[in-house]
Amino acid sequence: RLFVYHHHMDPIDFSLYLVTDRSLLPVGKTLAQVVEQALVGGVTVVQIREKTADTAEFLQIARESKELCDRYKVPLIINDRIDIALAVGARGVHLGQTDMPIDIARKLMPQGTIIGISCNTVDEVRAAREAKADYVGLGAVWDTQTKKLTSSPIGVRGLGTMLEALDGSNVRAVAIGGIKSSNLAHLLHGSISRTEHWLDGVAVVSDIVASPDPERAARRLKSILDAGRKAA
Ligand code: TZP
Ligand code: MG
């Protein structure tokens, strides 16, 4: 295909952002089952994050996820792999600090692609803003068993400071790391009250993926988000 057209120009609802991890799946469940249950439960974005799959396997998982996300009209984001994102027509890519730089990813991906980047420090947030990321993933907020952290969790205060570095920009922000239905209300209350830049959403892995009932887990998180929004 020679022409890049402007699809997907509608804004993304980042409020409940599912990030996958197959290593956390309960015995006997497939990733596709969990993703679909989470979609039924109301997740608003799905990111496929694969740390062990080879290319063929990643592609297969991405294809399957794209079909599911399309069915529920939820955008699909691929972690790290621009080639896989392109191959399945994903809505975006999520980059780490040592992945493809944002400006190059922007040149490689079609217009309208969402590019997000993980940030752990205020300097990284400023750089992401400078590079015109569409959104940043801020964290880890709290300790997590899902990813081996290379620096201490930023906490709710650290999150607030990073959000302030986005004031006056249109870069969206999601928090990640240790977020569960048991602590989400606390996060919503603490991080957004002292800054003009609001969190656009929360990214969750284990609270949904490792749950015996991902649909219920997603619903629970969503109702806390809705209550937080009404209180604001
Ligand atoms: N990046 C920072 S923390 C994290 C990632 C991918 C993992 C978060 O997983 P969980 O299970 O929601 O704590
Ligand atoms: Mg990466």
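See the structure printed just above.
Rules of the game
Residues numbered from 1 in each chain as written. Chains lettered and ligands numbered in written order. Predicted model: local features only at pLDDT ≥ 70, side-chain atom pairs only at ≥ 80, totals over all residues. Heavy atoms only, no water. Buried < 20%, exposed > 50% of the residue type's maximum accessible area, 1.4 Å probe, protein only. Helix = DSSP H or I, 4+ residues; strand = E, 2+ residues; numbered from the N terminus. Right-handed = clockwise from strand over helix to strand, strands pointing away. Pairing = 2+ DSSP bridges. Near = heavy atom within 4 Å. Polar contact = N/O pair within 3.5 Å; in protein donor to acceptor, adjacent residues only side chain to side chain. Nonpolar A, V, L, I, M, F, W, Y, C, P; charged D, E, K, R; others polar. Contact = heavy atoms within 4.5 Å.

Undergrad: What is the right way to look at the pairing of strand β4 (residues 92-95) in this model?
TA: Consecutive side chains along a regular strand alternate between the two faces of the sheet. On β4, burial covers both faces: G92 and H94 on one face and V93 and L95 on the other are all buried. Remark: the strand β3 (residues 76-79)/helix α3 (residues 82-88)/β4 crossover connection has right-handed handedness. Relative to strand β5 (residues 114-119), β4 is paired through 4 bridges, and the arrangement is parallel. In the strand pairing of β5, G92 is matched with I114. Where the polypeptide runs from β4 across helix α4 (residues 102-108) and back to β5, its parallel neighbour, the crossover connection is right-handed.

Undergrad: Could you clarify how one ought to interpret the site of ligand 1 in this entry?
TA: Taken together, R49, A140, T144, T146, K147, I176, G177, G178, V204, V205 and S206 are the residues near ligand 1. At 2.5 Å, a side-chain N or O of T146 approaches an oxygen atom of ligand 1. One of the side-chain nitrogen or oxygen atoms of S206 is found 2.5 Å away from an oxygen atom of ligand 1. Of the residues contributing to the shell around ligand 1, the split by class is 4 nonpolar, 5 polar and 2 charged.

Undergrad: Explain the environment of Q33 to me, please; I cannot follow it from the model alone.
TA: Among the structural elements, Q33 can be located in helix α1 (residues 31-41). Its relative accessible area of 38% is what places Q33 among the partly exposed residues. Considered as a pair, Q33 and P214 are 181 residues apart in the sequence and their alpha carbons are 9.2 Å apart. A distance of 2.9 Å separates a polar side-chain atom of Q33 from the backbone nitrogen of T30.

Undergrad: Please clarify how the environment of L25 should be interpreted in this entry.
TA: Mapped onto the elements, L25 comes out in the loop between β1 (16-19) and α1. When the C-alpha atoms of L25 and D123 are compared, they prove to be 34 Å apart, with 98 residues separating the residues in sequence. L25 has contacts with T30, L31, V34 and V209, leaving out every residue within four places of it along the chain.

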